[in-house]
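# Fold and geometry: a report
In case you want the letters, here they are:
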Amino acid sequence: MIDFKSFFDFTKLPTKIFVVTALGSAVFLFMPDNFTKALNFDKFEDYSGYVGIVFVFSSIFILVNFIIWLYQKIEYAIMVKKVKEELKKELVNIDHREKAVLREFYIQGQNSIKMPYDDTTVSGLIDKGILKYNMQLGNSFVVNGNKASLSLSKYIQEVITPEHLDLSMNMTEDEKVQIQQLRPEWSKNRWY
């Protein structure tokens, strides 16, 4: 059976159709008389009232869609800024174990690292939104034993600095040894 309700649901039509309709009706309504006669549109002047209604309806629909799009963009930008501010606050309050986990990305020089997802520190960083699972098969991720491939979340990469992790550009040998000793248990078998 044909669903007439969805057939007349204009909100499901692409905005491009309304843009084309508005532009076409605007050309018909606002072009000079000599151009109208050249295109033989003068025969349709009796229908200009209907074309005017189509133009107004299409223009309003486009305007409403533009306002909704603009609102969503602004709302998204505000949300991203809020998330980044919250992550900055989280970074200030991370403990030494969490810093050790996050330092692994710098030590190993990788964007993704296999980590034990059942480790309390790692799972805490996932809950805070600092770490994320890497989706390898659509919307799922692969687990190897108790390890999963994890990386820094998109927004944390933009706000994290080496200073958050107690790293400096000119580390002494003693500082390097100390950082090596503070590494998580699951990573100590790898030297860098």
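See the structure printed just above.
Report follows, based on the coordinates. Everything numeric here is computed off the predicted structure, so don't read it as measured data.

## Things to note about the layout of surface pockets
- Size it by volume and the second largest pocket reaches roughly 150 Å³.
- Around the second largest pocket, the lining residues are His96, Arg97, Ala100, Val101, Asp119, Thr121, Leu182, Arg183, Pro184, Glu185 and Trp186.
- Examining the composition of the lining of the second largest pocket, we find that 4 residues originate from one element, helix 5 (residues 96–108), more than from any other.

## Here's the deal with helix 5
- Taking 1.5 Å per residue as the helical rise, helix 5 with its 13 residues ought to reach 18 Å, and the 18 Å between its terminal C-alpha atoms agrees with that figure.
- Its maximal kink placed at Leu102, helix 5 deviates by approximately 30 degrees.
- All buried positions along helix 5 are accounted for by Glu98, Lys99, Ala100, Val101, Leu102, Arg103, Glu104, Phe105 and Gln108.
- Buried residues belonging to helix 5 abut helix 4 (48–92), strand 1 (112–116), helix 6 (120–127), strand 2 (131–133), strand 4 (147–152) and helix 8 (173–181).

## Overview of the pattern of salt bridges
- Summed over all chains, the structure comprises 6 salt bridges.
- In this structure, the salt-bridge partner of Lys128 is Glu90, at a minimum N-O distance of 3.9 Å. Of this pair, Lys128 sits in the loop between helix 6 and strand 2 while Glu90 sits in helix 4, placing them 38 residues apart in sequence.
- For Glu90, a relative accessible area of 29% corresponds to the partly exposed category.
- For Glu98, the salt bridge is made with Lys128, and the minimal N-O distance between the two is 2.8 Å. In this pair, Glu98 is assigned in helix 5 and Lys128 in the loop between helix 6 and strand 2, connecting sequence segments 30 residues apart.
- Here the salt bridges share partners, and the residues they tie into one network are Glu90, Glu98 and Lys128.

Scoring rules and cut-offs
- Residues numbered from 1 in each chain as written.
- Predicted model: local features only at pLDDT ≥ 70, side-chain atom pairs only at ≥ 80, totals over all residues.
- Heavy atoms only, no water.
- 1 Å grid on protein atoms, 1.4 Å probe; cavity = no way out; pocket = protein on both sides within 12 Å on 5 of 7 lines; lining within 4 Å.
- Points joined across faces, edges and corners; volume = space filled by probe spheres on them.
- Helix = DSSP H or I, 4+ residues; strand = E, 2+ residues; numbered from the N terminus.
- Expected span 1.5 Å × (residues − 1).
- Bend = angle between axes of the 7 residues up to and from the residue.
- Buried < 20%, exposed > 50% of the residue type's maximum accessible area, 1.4 Å probe, protein only.
- Contact = heavy atoms within 4.5 Å.
- Salt bridge = Lys/Arg side-chain N within 4 Å of Asp/Glu carboxyl O.

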